[in-house]
Amino acid sequence: MGTLTTVRRWGRAHPRLVDAALAAALVVLTLLTLPGLSHGHGPGPGDLDDRGADALTTLLLALAALLLALRRSHPLPVWAATAVLGVLAVLTSDGRLPLPLPLFLALYTVGRLLPVSSTVVATAVTAVAYAVTMALAMGSWLDDRGDLPALATVALSGAAAAVGVAVRSQRAALAAAQDRAHQAELTREEEAERRVTDERLRIARELHDVVAHHISVINVQAGVARHLMDADPQQARTALGLVREASKTVLSEMSAVVGLLRTQDEDAPTEPAPGLSRVPALVESVRRAGLQLDWTSSGDPYPLAPIPDLTAYRVVQESLTNAVKYGTGTADLVIDHRPDAVTIEVRNPVDASRSGSPGAGHGLIGMRERVEAVHGLLVTGSDGDGTFTVHAEVPRRSV
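Keep in mind that what you see is a predicted model, and the values were worked out from it rather than measured.

Helix and strand content of the chain: 11 helices and five strands. Every one of the 399 residues in the chain was classed for burial, and the buried ones make up 36%. In the chain, once contacts between residues fewer than 6 apart in sequence are set aside, the share between residues at least 24 apart is 71%. Taken as a whole, the chain presents about 22,600 Å² of accessible surface, with 61% of it coming from carbon and sulfur.

What follows is the structure, given as structure tokens:
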């Protein structure tokens, strides 16, 4: 089986050499099988004329066989030339020669490489031409046994072309199956790449949400500590304590997020993702950072599905982070637990003297992507009085 496969591969890689070898083999076969050349008759009356006719027939068929070396690149011209040479060979043999083998291969090639319409025309022309030629060579439509040779000519021509068409159809079906398999493989690879990209974006949002809030707290408290280092050392020490606490928190949460990138052999973090239950700690954190936050909660709190719960928490966290970074030091937080969704609204005046805009960073982009992922609603923007508002509705359950 291995040798046969190797031969087939070599044949596909060198089609011209295969056709040349086939043509040479047919020439040798013609020399060995034609009447008068494969038998050792002694000289006698009329033998010289017979041998001359056999030699001419052999020459014609040898030329037809040699033309098969070009059958793949020029299938229709090779068929036409082979048909003409075959007709002449039938005439020179006085009808003793059946449909020549080179024409079989020429018709097969036409059926395999050309459209069905061209194949039908070539087959019909071959059948008619050879039927008429044999009738002229024998002087009758019937042979010595009373049979009609034209029927055999039509059958042989049709069979040769039909085999070519069948081979072409089989190869086309195989190629189509291979293309579908290849396309399926590409689709799987694209889906895997898409999932990797989505996961990277999710981790990037997590890192932003984790880092931005606590770094803002650290930045504010570090400024307070520097300002009060000489005037009020005790207050400066309190601010530095808040910096240290925020640093520990951000390191802990970053460790949990980055742990998602670990391999299966490494220990994965077991701490649950944050949710609305951690909002009181978040509120206390931003209040200690200097934000005067007015927080109200209405409705009966209820557990959210994990992803909506994380989304709601990140919305609150990012909104309060923006209030610390871009606000004047005050903000309002309202959380309303409705039967179908949790509504979150954060309002804070914008400090026009600070650089940057609360709506131009990556935080709001990530926030919007999170809310849309759970089929929620997010509206952000500044009011006419310079107040920036974040309004989000997070469904109770993810869809």
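Here the narrative resumes.
With that settled, consider the pairing of strand β3 (residues 341-349). Examined bridge by bridge, strand β2 (residues 330-337) and β3 share six bridges and lie antiparallel to one another. Note that in β3 the partner of His-337 across the bridge is Val-342. With antiparallel pairing between neighbouring strands as the criterion, β2 and β3 make up a hairpin whose turn holds three residues.

Attention shifts here to helix α6 (residues 116-138). Over its 23 residues, α6 runs 33 Å from end to end, which matches the ideal 33 Å to within 8%, given 1.5 Å per residue. Buried residues of α6: Thr-119, Ala-122, Thr-123, Thr-126, Ala-127, Tyr-130, Ala-131, Thr-133, Met-134 and Ala-135, and no others. Looking at the residues trailing α6, positive phi occurs at Gly-139, about 75 degrees.

What follows is about the side chain of Arg-112. On the secondary structure map, Arg-112 appears in helix α5 (residues 101-113). The residues contacting Arg-112, other than those within four sequence positions of it, are Arg-72, Gly-164, Val-165, Val-167, Arg-168 and Arg-171.

A few words on unusual backbone geometry. The phi dihedral of His-375 falls on the positive side, at around 60 degrees, and the residue is not glycine. Position of His-375 relative to the elements: it lies in the loop between α11 (362-373) and β4 (377-382).

Here the chain averages 77 in pLDDT, and 73% of its residues register 70 or above. Across residues 35-49, where pLDDT falls below 50, the model places 10 contacts with residues more than four positions away in sequence or in other chains.

Each aromatic ring pair is described using two quantities: the centre-to-centre distance and the angle formed by the ring planes. Evaluation of the coordinates by the stated rule reveals zero aromatic pairs. Positioned above the aromatic ring of Tyr-302 is the side chain of Arg-396, whose terminal nitrogen or guanidinium carbon lies 3.9 Å from the ring centre.

So, on to helix α4 (residues 75-92). Here α4 contains 18 residues, and its C-alpha end-to-end distance of 26 Å stays within 8% of the 26 Å for a straight helix at 1.5 Å per residue. Of the positions making up α4, those classed as buried are Pro-75, Val-78, Trp-79, Thr-82, Ala-83, Leu-85, Gly-86, Val-87, Ala-89, Val-90 and Thr-92.

It is worth spelling out the nonpolar core at this point. The biggest cluster of nonpolar side chains holds 31 residues, and the ones touching the most others in it are Leu-291, Leu-293, Leu-320, Leu-333 and Ile-344. Of all elements in the fold, only α9 (279-288), α10 (306-326), β2, β3, α11 and β5 (387-395) reach the threshold of two or more residues within this core. With seven residues, α10 is the largest single contributor of residues to this core. Discounting chain neighbours no more than four positions away, the residues touching Leu-291 are Val-286, Leu-320, Ala-323, Val-324, Gly-329, Thr-330 and Ala-331. Counting 17 residues, the second-largest nonpolar core is a separate cluster that includes Ala-83, Ala-106, Leu-107 and Tyr-130.

This next bit is on the pattern of salt bridges. Tallied over the full model, the rule gives three salt bridges. In this structure, Asp-383 and Arg-347 form a salt bridge, with 3.2 Å as the shortest nitrogen-oxygen distance. A residue pair is termed long-range when its members are at least 10 positions apart, and Asp-383 in the loop between β4 and β5 and Arg-347 in strand β3 qualify at 36 residues. The exposure class assigned to Asp-383 is partly exposed, which follows from its relative accessible area of 32%. Each of Arg-338, Asp-340 and Glu-393 takes part in a single network of salt bridges with overlapping partners.

This part is about the sheet that holds β5. Ordered in space as β1-β2-β3-β5-β4, the five strands form an open sheet in which the pairing is mixed. Only two strands of the sheet have a single neighbouring strand rather than two, namely β1 (292-299) and β4. Pairs of neighbouring strands in the sheet enclose a mean axial angle of 10 degrees, with direction left out of account. Pairing of β4 with β5, which is carried by six bridges, proceeds in the antiparallel orientation. Residue Thr-380 lies in a different strand from β5, and its bridge partner there is Val-390.

Within the element layout of this structure, Leu-113 appears in helix α5. Take Leu-113: its relative accessible area is 35%, and that puts it in the partly exposed class. C-alpha of Leu-113 to C-alpha of Gly-164: the two residues are 51 residues apart in sequence and 7.9 Å apart in space. Discounting chain neighbours no more than four positions away, the residues touching Leu-113 are Arg-71, Arg-72, Pro-75 and Arg-168.

Taken residue by residue, a regular strand's side chains alternate between the two faces of the sheet. Here β1 runs beside β2; their pairing, made up of eight bridges, is parallel. Bridged to Trp-295 within β2 is Leu-333. Assessed by its sense of winding, the connection that carries the chain from β1 through α10 to β2 is left-handed.

Reading guide: rules and limits
Residues numbered from 1 in each chain as written. Predicted model: local features only at pLDDT ≥ 70, side-chain atom pairs only at ≥ 80, totals over all residues. Heavy atoms only, no water. Helix = DSSP H or I, 4+ residues; strand = E, 2+ residues; numbered from the N terminus. Buried < 20%, exposed > 50% of the residue type's maximum accessible area, 1.4 Å probe, protein only. Contact = heavy atoms within 4.5 Å. Areas by Shrake-Rupley, 256 points an atom, 1.4 Å probe, with all protein chains shown as cover. Pairing = 2+ DSSP bridges. Expected span 1.5 Å × (residues − 1). pLDDT = per-residue confidence, 0-100. Phe/Tyr/Trp six-rings, centres within 6.5 Å; stacked < 30°, edge-to-face > 60°. Lys NZ or Arg CZ within 6 Å of the ring centre and 35° of its normal. Core = buried A, V, L, I, M, F, W, Y, C linked by side-chain atoms within 4.5 Å. Salt bridge = Lys/Arg side-chain N within 4 Å of Asp/Glu carboxyl O. Axes fitted to C-alpha atoms, helices over the stretch in contact; angles between N-to-C directions. Right-handed = clockwise from strand over helix to strand, strands pointing away.

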